[in-house]
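# Chain and residue survey
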Amino acid sequence: MKKPLAISVTLISLLSFGQANKLYGKAEKTTDLAEKITLLSQVISLEPKNLDAYFYRAIAKHNLGDYGGAIVDYSKIIVDEPDADTYLNRGNSRYSMEDYEGAKQDYHKAFELDKNLINAKYGLGCVKYDLGDFEGAFLDFNSIIQNSRHQQNTPFALIHIYKSFLMRALVYETLGNYVKALEDYSTVILIEPSAENYYNRGKLLINMKFYEEAHTDLTKSLALNKNNAYAYFYRGASNLFLGKFMDAISDLSKAVKFDSKDFDAYLGLAIAYNKVNDPDNARINFEKANAILSIGENIKTIEQYRETFWFQNQYFHFNKNVTKLVKLK
């Protein structure tokens, strides 16, 4: 009497296995993420130990923005069979949720398990940067760049090497090592002369007070992308410092068209208009900047402009010009 029951259980198991495979195949083919999640959930209900189904459901959840759900699925795999790729992906989901400490732990574990997982090392550098550990971030990005000479540079690896140059430049810039940052930004431009890369180097050159060179880079950036308000602002600033006041007014006016709350652009316009002996427009733009900064007419000290680009990067130039603008009131 027991034998037919055993046969029946075996048959049910085979049917479940076949059904699970069919559902899994459909999930692999569909590009609809919601449908993929539904199909893989059905697979998991039939095969609770199918870790591949958990893994690809987690990826689909992450791509839909359900980072918490993705983390739950990745964690299930890590409990049963931990591996480098799952730690990496869970780190990505944690990073997307701004759980930087959790992401840091996962990226570290992923790289510990697989020293060839260059994107785990890159992720580790990024999360350290976001946590303010700039020295640690530098070591990670620098390691990727240095080790690239000894690795097989696949297209995937080359992307992360390029991105590591970009991030190392940002670290150098953050730490105030502008010369090294300039070298890395220049390398990045050789690899990809994009609008963003020209913009990044142009902005750095402004801070280095190389205004002609900055103007050239920002012009190249705007030729490739005319919708970058910040590029108009920084090129306007370079024009102002180069004494090209009408060009400065043109660029800074475009910047405020993109962002009507850009107090830095209004301050630049006020200075430029005052330089061309147009006190009315200088006053109007100065008042707009002060209104946005909640200063109004109660101007007591230049410290009230501490949060502005001009105070932080061009203090003496700004201090002299603010004094002149205050006299217009």
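Values in this document were obtained by computation on a predicted structure and should not be read as measured data.

### Description of the overall build of the protein chain
Across its full length, the protein chain carries 18 helices and 0 strands. For 329 residues, the compact-globule formula gives about 20 Å, and the C-alpha radius of gyration of the protein chain, at 28 Å, lies well above that figure. The dimensions of the protein chain, computed from C-alpha atoms along their principal axes, are 105 × 45 × 35 Å. Across the 329 residues of the protein chain, 47% fall into the buried class.

### Quick notes on the nonpolar core
The biggest cluster of nonpolar side chains holds 63 residues, and the ones touching the most others in it are Phe233, Tyr305, Trp310 and Phe318. The contact partners of tyrosine 305, leaving out residues within four places of it in the chain, are Leu267, Phe286, Asn290, Leu293, Ile295, Ile299, Phe311, Phe318 and Val322. Grouped together as the second largest cluster of nonpolar side chains are 16 residues, Ala20, Leu23, Ala27 and Ile44 included.

### Focus on unusual backbone geometry
In this structure, lysine 209 is a non-glycine residue whose phi angle is positive, near 65 degrees. Along the polypeptide, lysine 209 turns up in the loop between helix 11 (195-207) and helix 12 (211-224). By relative accessible area, which is 45% here, lysine 209 ends up partly exposed. Of note, the phi angle at serine 294 is positive, near 60 degrees, even though the residue is not glycine. On the secondary structure map, serine 294 appears in the loop between helix 16 (279-292) and helix 17 (309-313).

### Regarding helix 6 (residues 100-113)
In this model, helix 6 (14 residues) spans 20 Å end to end at C-alpha, consistent with the 20 Å of a helix rising 1.5 Å per residue. All of the buried residues along helix 6 are Gly102, Ala103, Asp106, Tyr107, Ala110 and Phe111. End-on view of helix 6: buried residues confined to an arc of 160 degrees, all on one side of the axis. Where helix 6 is buried, its residues contact helix 5 (84-96) and helix 7 (118-130).

### Here's the deal with the side chain of asparagine 285
Along the polypeptide, asparagine 285 turns up in helix 16. Here asparagine 281 takes part through its backbone oxygen, which lies 2.8 Å from a polar atom of the side chain of asparagine 285. Discounting chain neighbours no more than four positions away, the residues touching asparagine 285 are Tyr266, Leu269, Ala270 and Tyr273.

### Examining helix 15 (residues 263-275)
Given 3.6 residues per turn, any residue in an α-helix points the same way as the ones three and four places further on. In this model helix 15 runs 18 Å from its N-terminal to its C-terminal C-alpha over 13 residues, within 8% of the 18 Å that 1.5 Å per residue would give. Within helix 15, 11 of the 13 residues are buried, which leaves it mostly tucked inside the rest of the structure. Within helix 15 the residues assigned to the buried category are Asp264, Ala265, Tyr266, Leu267, Gly268, Leu269, Ala270, Ile271, Ala272, Tyr273 and Asn274. On its buried face, helix 15 is in contact with helix 13 (229-241), helix 14 (245-258), helix 16, helix 17 and helix 18 (315-326).

### Remarks on a positive patch on the surface
A cluster of basic side chains, namely Lys275, Lys320, Lys324 and Lys327, defines a positive patch on the protein surface. In this structure, lysine 275 sits in helix 15.

### Some details on the confidence of the model for the protein chain
Taken residue by residue, the protein chain gives an average pLDDT of 91. The fraction at 70 or more is 93%. Predicted confidence is poor over residues 5-15, with pLDDT under 50, and the contacts of this stretch with residues over four places away or in other chains come to 0 contacts.

### Points about the pattern of salt bridges
What the rule picks out here adds up to 16 salt bridges. Between glutamate 183 and lysine 180 there is a salt bridge, with the nearest N and O atoms lying 3.7 Å from each other. Taken as a pair, glutamate 183 and lysine 180 lie in helix 10 (residues 178-191) at a separation of 3 residues, close to a single helical turn. Among the residues examined, glutamate 183 registers a relative accessible area of 42% and is labelled partly exposed. Each of Arg90, Arg94, Asp99 and Asp106 takes part in a single network of salt bridges with overlapping partners.

### Brief notes about the environment of isoleucine 206
Summarising the element assignment, isoleucine 206 is placed in helix 11. Along the chain, isoleucine 206 and phenylalanine 241 lie 35 residues apart, while their C-alpha atoms are 9.5 Å from each other. If near-sequence neighbours (up to four positions away) are discounted, isoleucine 206 is found in contact with Tyr211, Ala214, Leu218, Tyr234, Ser238, Phe309 and Gln314.

### Topic: the packing of aromatic side chains
The description of an aromatic ring pair uses the distance of the two centres, along with the angle that the planes make with each other. Considering all chains together, one arrives at 19 aromatic pairs under this definition. Between tyrosine 315 and phenylalanine 316, the aromatic rings sit 5.4 Å apart at their centres with planes inclined by 90 degrees, giving edge-to-face as the arrangement. Of the residues examined, tyrosine 315 reaches a relative accessible area of 30% and is grouped as partly exposed. On the accessibility criterion, phenylalanine 316 (70% relative accessible area) is exposed. Clustering of aromatic rings is evident, with ring pairs tying together Tyr199, Tyr211, Phe233, Tyr234, Phe241, Phe309 and Trp310.

### Considerations on the environment of tyrosine 315
Looking at where tyrosine 315 falls in the secondary structure, it is placed in helix 18. Remark: the alpha-carbon pair of tyrosine 315 and isoleucine 302, spanning 13 residues in sequence, is separated by 9.3 Å. Among residues more than four places away in sequence, those in contact with tyrosine 315 are Ile302 and Trp310.

Procedures and definitions
- Residues numbered from 1 in each chain as written.
- Predicted model: local features only at pLDDT ≥ 70, side-chain atom pairs only at ≥ 80, totals over all residues.
- Heavy atoms only, no water.
- Helix = DSSP H or I, 4+ residues; strand = E, 2+ residues; numbered from the N terminus.
- Rg over C-alpha atoms; globule rule 2.2 N^0.38 Å.
- Buried < 20%, exposed > 50% of the residue type's maximum accessible area, 1.4 Å probe, protein only.
- Core = buried A, V, L, I, M, F, W, Y, C linked by side-chain atoms within 4.5 Å.
- Contact = heavy atoms within 4.5 Å.
- Expected span 1.5 Å × (residues − 1).
- Arc of directions from axis to C-beta.
- Polar contact = N/O pair within 3.5 Å; in protein donor to acceptor, adjacent residues only side chain to side chain.
- Patch = residues over 30% accessible without salt bridge, like charges linked within 9 Å, V, L, I, M, F, W, Y side chains within 5 Å.
- Areas by Shrake-Rupley, 256 points an atom, 1.4 Å probe, with all protein chains shown as cover.
- Salt bridge = Lys/Arg side-chain N within 4 Å of Asp/Glu carboxyl O.
- Lys, Arg positive; Asp, Glu negative; His and termini not counted.
- Charge placed at Lys NZ, Arg CZ, Asp CG, Glu CD.
- pLDDT = per-residue confidence, 0-100.
- Phe/Tyr/Trp six-rings, centres within 6.5 Å; stacked < 30°, edge-to-face > 60°.

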